[in-house]
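Chain by chain, the residues:
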Amino acid sequence: MQTDRSENVTPDDPHVFYLQQLSDYLLHESGEGVMLTDHQGHILAVNASFSQITGFSADEVSGKKTAILRSDHHPPEFYQQLWYNIQHKGRWQGIVWNRRKDCSVYQQSLKIRAIYDRQQAVSHYIALIRDLTLQTAEAGHHHALTTLDRLTGLGNRDMLVSRFSQQLAQSRDNCFHLYVIWIDGGQLASVNQQFGLASGDMLIQQQAQRLQQWTSGKDTLIRLYADDYIILKPAVYPAKASYFDMLVQRLAQPVCLGNHQVTVAPAVGVSCYPADGDQEEQLLYAAESAMLEAKKQGANCWCMFNTRQGQANIRRHMLKHKLTEQLQHTPDQLQLYFQPKVLMETGTICGAEALIRWQLPGEGWVSPSELISIAEESRLIISLDRWVVAEVCRIMHRYLQQNICFPLLSFNISAKQLNEHDFADWLSNCLANWGIKGHQLEMEVTESAFIDNEMEAIKLLRSLQQSGLRIALDDFGTGYSSLSYLKDMPLNTVKIDRSLISDITTNQRAQCIVRNLRMLATDLQLSLVVEGVETTEQHQLLRQLGCQRAQGYYFARPLPGTEFVAMLG
Ligand code: C2E
Ligand code: CA
Ligand code: CA
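Only a predicted model underlies this, so the values are computations on that prediction, with no experimental measurement involved.

J.: Got a minute to help me understand the packing of aromatic side chains in this structure?
T.: Aromatic ring pairs are described here by two measures, namely the spacing of the ring centres and the angle between the planes. One pass over the structure, following the stated rule, counts 13 aromatic pairs. Each ring, one from phenylalanine 406 and one from phenylalanine 564, has its centre 5.8 Å from the other, and the planes form 70°; the classification is edge-to-face. Taken together, the residues phenylalanine 406 in the loop between α13 (380–401) and β16 (408–412) and phenylalanine 564 in helix α22 (residues 561–568) connect sequence positions 158 residues apart. Every member of this aromatic cluster is reached through a ring pair, and the members are Tyr179, Trp214, Tyr243, Phe244 and Trp302. Just above the ring of tyrosine 399 sits the side chain of arginine 398; from NZ or CZ to the centre is 5.0 Å.

J.: Even after reading the chapter, I still don't get the sheet that holds strand β11 (residues 267–273), so can you show me in this structure?
T.: Strands in a sheet are paired, the pairing made by backbone hydrogen bonds, and the direction either parallel or antiparallel. On the basis of which strands lie adjacent, the open sheet formed by 5 strands has the order β7-β8-β6-β11-β12 and mixed pairing. Two strands close off the open sheet at either side, each with one partner strand: β7 (220–225) and β12 (301–304). Across the sheet, the axes of successive neighbouring strands diverge by a mean angle of 20°, strand direction being ignored. The strands that helix α10 (residues 280–296) touches are β6 (177–184), β7, β8 (228–235), β11 and β12; relative to β11, the one it contacts most, it runs at about 150°.

J.: So what exactly am I meant to see when it comes to the site of ligand 1 here?
T.: Contacts to ligand 1 come from 21 residues, most closely from Arg357, Asp385, Arg498, Glu534 and Tyr553. A distance of 3.1 Å separates a nitrogen atom of ligand 1 from a polar atom in the backbone of isoleucine 356. Here an oxygen atom of ligand 1 and a side-chain polar atom of aspartate 475 are 3.3 Å apart. Expressed as a share of its isolated accessible area of 790 Å², the protein-covered part of ligand 1 is 84%. Of all elements in the fold, only β14 (349–360), α12 (368–376), α13 and β18 (470–476) reach the threshold of two or more residues within the shell around ligand 1. When residues of the shell around ligand 1 are assigned to their parent elements, the largest contribution, 4 residues, is made by β14. Partitioning the shell around ligand 1 into residue classes produces 8 nonpolar, 5 polar and 8 charged.

J.: How should I be thinking about the coordination of the calcium ion (ligand 2) in this particular structure?
T.: Ideal coordination angles are 109.5 degrees for a metal with four donors arranged tetrahedrally and 90 or 180 degrees for a metal with six donors arranged octahedrally. All of the protein donors around the calcium ion (ligand 2) are Glu353 (OE), Asn412 (OD1), Glu444 (OE) and Asp474 (OD); their distances to the metal are 2.1 to 2.3 Å. The motif formed by the donor residues of the calcium ion (ligand 2), counted along the single chain, is E-x58-N-x31-E-x29-D. Between the calcium ion (ligand 2) and the calcium ion (ligand 3) the interatomic distance amounts to 3.9 Å, and aspartate 474 serves as a bridging ligand to the pair. Linking asparagine 412 in strand β16 with aspartate 474 in strand β18, this pair joins segments that are 62 residues apart in sequence. Using a relative accessible area of 7% as the deciding quantity, one classes aspartate 474 as buried.

J.: Where do I start with the environment of alanine 510 in this structure?
T.: Turning to its location among the elements, alanine 510 is positioned in helix α20 (residues 508–523). Judged by relative accessible area, which is 5%, alanine 510 ranks as buried. Counting along the chain gives 11 residues from alanine 510 to serine 499, while the straight-line C-alpha distance between them is 9.5 Å.

J.: Any chance you could explain the coordination of the calcium ion (ligand 3) here in plain terms?
T.: Coordination of the calcium ion (ligand 3) by the protein is provided by Asp474 (OD), Asp475 (OD), Glu531 (OE) and Glu531 (OE), with metal-donor distances spanning 2.2 to 2.6 Å. In the primary structure, the donors to the calcium ion (ligand 3) are separated according to the pattern D-D-x55-E. Exposure remark for aspartate 475: the relative accessible area of 27% places this residue in the partly exposed category.

J.: Where do I start with the nonpolar core in this structure?
T.: For soluble globular proteins, the rule of thumb is that nonpolar side chains tend to be buried together. Grouped together as the largest cluster of nonpolar side chains are 104 residues, with contacts concentrated most on Leu441 and Met443. In this view, methionine 443 contacts Phe411, Ile413, Leu418, Phe423, Leu461, Leu464, Leu469, Arg470, Ile471 and Ala472; residues no more than four positions away in its chain are not counted. Formed by 27 residues, the second largest nonpolar core is a distinct cluster that contains Trp214, Leu247, Val248 and Leu257.

J.: Looking at this model, I keep getting lost on the pattern of salt bridges. Mind explaining?
T.: Oppositely charged side chains can pair when the atoms bearing their charge come close. Under the criterion given, the structure shown has 21 salt bridges. Linking lysine 295 and aspartate 184 is a salt bridge whose minimum nitrogen-to-oxygen distance equals 2.9 Å. One end of the pair, lysine 295, is in helix α10; the other, aspartate 184, is in strand β6, and 111 residues separate them in sequence. We classify lysine 295 as partly exposed; its relative accessible area is 43%. Looking at aspartate 184, the relative accessible area reads 7%, which means it is buried. Between glutamate 353 and lysine 495 there is a salt bridge, and its shortest N-O distance comes to 3.0 Å. Linking glutamate 353 in strand β14 with lysine 495 in strand β19 (residues 493–496), this pair joins segments that are 142 residues apart in sequence. When its relative accessible area of 5% is taken as the criterion, glutamate 353 is described as buried.

J.: In this structure, what is going on with the state of the cysteines? I would like to understand it.
T.: Each disulfide consists of a covalent bond between the sulfur atoms of two cysteine residues. For the coordinates displayed, the defined rule picks out 0 disulfides. This cysteine, cysteine 547, is not joined by any disulfide, and cysteine 512 carries the nearest cysteine sulfur, 13 Å off. With relative accessibility at 5%, the residue cysteine 547 sits in the buried group.

J.: Would you mind showing me how to read the sheet that holds strand β1 (residues 33–38) here?
T.: Judged by pairing direction, the sheet is antiparallel, and its 5 strands sit side by side in the order β2-β1-β5-β4-β3 without closing on themselves. In this open sheet, the two edge strands, each paired with only one partner strand, are β2 (43–46) and β3 (91–99). The sheet shows a mean angle of 25° between the axes of neighbouring strands, direction not considered. Pairing geometry for β1 and β2, over 3 bridges, is antiparallel. Across the sheet, the residue bridging to methionine 35 is valine 46, located in β2.

Scoring rules and cut-offs
Residues numbered from 1 in each chain as written. Chains lettered and ligands numbered in written order. Predicted model: local features only at pLDDT ≥ 70, side-chain atom pairs only at ≥ 80, totals over all residues. Heavy atoms only, no water. Phe/Tyr/Trp six-rings, centres within 6.5 Å; stacked < 30°, edge-to-face > 60°. Helix = DSSP H or I, 4+ residues; strand = E, 2+ residues; numbered from the N terminus. Lys NZ or Arg CZ within 6 Å of the ring centre and 35° of its normal. Pairing = 2+ DSSP bridges. Axes fitted to C-alpha atoms, helices over the stretch in contact; angles between N-to-C directions. Contact = heavy atoms within 4.5 Å. Near = heavy atom within 4 Å. Polar contact = N/O pair within 3.5 Å; in protein donor to acceptor, adjacent residues only side chain to side chain. Areas by Shrake-Rupley, 256 points an atom, 1.4 Å probe, with all protein chains shown as cover. Nonpolar A, V, L, I, M, F, W, Y, C, P; charged D, E, K, R; others polar. Donors = N, O, S within 2.8 Å, 3.2 Å for Na, K, Ca; no water. Buried < 20%, exposed > 50% of the residue type's maximum accessible area, 1.4 Å probe, protein only. Core = buried A, V, L, I, M, F, W, Y, C linked by side-chain atoms within 4.5 Å. Salt bridge = Lys/Arg side-chain N within 4 Å of Asp/Glu carboxyl O. Disulfide = S-S within 2.5 Å.

Following this line, the structure appears as structure tokens:
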């Protein structure tokens, strides 16, 4: 210690003498700063590393309260919590922003321990300090090559991953806010198109420079991809709107690219720990969806994530991400349920519809409608539908091997799938792989499959039908339900939508429509299935109207494969 309190001690006991020398040596050599205070927090002694880290010599701090080291980066509650821990547990450890002699603020890891006298009263406190900026600098040097973006010298995605968890943990420990700021520079695509890729690179470099000048040492700034950047900004107090106004203004200033001056239109989205989530993924989704909202609002905007709509977007985003992950490998959260179709007269099962089910750990069941609508927003629906078909074939194959005879199985296909030029080939390969014949399956399509490209759809369905596959028109009675589809489309089955069935016992018109559809189907030699039968009354009435096949909760809900097979008897 750099005081003369402990020097010149010549204790009688040689052990104490040696221990004294040992502790002096360790304190001197230790890279950690050491500070001893009395029970009221007056500094009694510090070692050389303490002086190196803080800039204060032993004389300058001797007798002073530790408050001279404090920065204004922590709210009073932070220190209350710290002292509460020391008083009750005798120790505290965490990360603290402190102030050096030259007033610069730095981050240190701090361990404080109470020392008790024989009466168990606190007599001293000892603190061990490690300068984290040095550590970060060293670590940064090693990782520089892998965590820096080559074009701009900013951090890259890898840096974001490693820094995000650190900064989040620090914010958690210290009751900070952590702002996640997602910046879309704007205009990159059109600059690339108009002036070439080199100009696009220049634009990115200049934006990166502006952002670098804008951020402070505590912030993490990275380029995510293209002209999208992320800033992680720890803050003791909530950030002011003017901070984001100025950020947008700064970025929106025209950029010189050689001889051209370009106006850019940045969009900035902001989320904040803890208000908008406490996980990295959540906060990034939130910031991105706020950025997309800002984009919608027009040029040069920033948006804070806080709307209910935003929460819904986050969920969609999260589900989309998880679904993508599921479909990249063999899905372990997706499964098929089977809902029987029955002959109403005898109750015999004459078929079943395969329906997707998704159980998401921690979230529960995701409704099929939500799942399908998310998948339909992108090409995920293509993979999803194909997974369903392959799974239907796999399950059917397994039971057939056990000599369990399956009735006709139907699966749903999105309209988008029918636009895939390789779908017919893919399907016939899939059936061949599992040894399934076309006539064992029925494909349910809705009329939306025909709306965009009627001629192509007719061609495709006809070729599939020729290979034996049956085609069903699903949800008939909703939407446009054009009779011309019944006239022109190669169909085997029509399924009457449950909206026509729900009030059929009281609605004369619904009865009339169903009766006539039944006759029409008979004349067109189409099989007719009535969906959504829920009650005995509906069942009886539909039989009187001459309907033969039906599907609905009255007979059975969609069931897991094993339960469905058990029903087959
Ligand atoms: P859908 O093709 O019309 O399937 C029938 C839906 O009606 C199923 O809902 C089924 O559970 C429900 N249902 C059956 N009987 C009754 C009843 O008596 N009362 C009521 N209220 N509902 C009944 P689910 O499983 O939630 O599926 C909803 C929709 O999601 C399906 O409607 C279909 O459009 C889509 N879908 C489900 N699985 C798949 C799939 O594997 N691929 C594709 N592309 N879409 C699927
Ligand atoms: Ca269906
Ligand atoms: Ca349907």
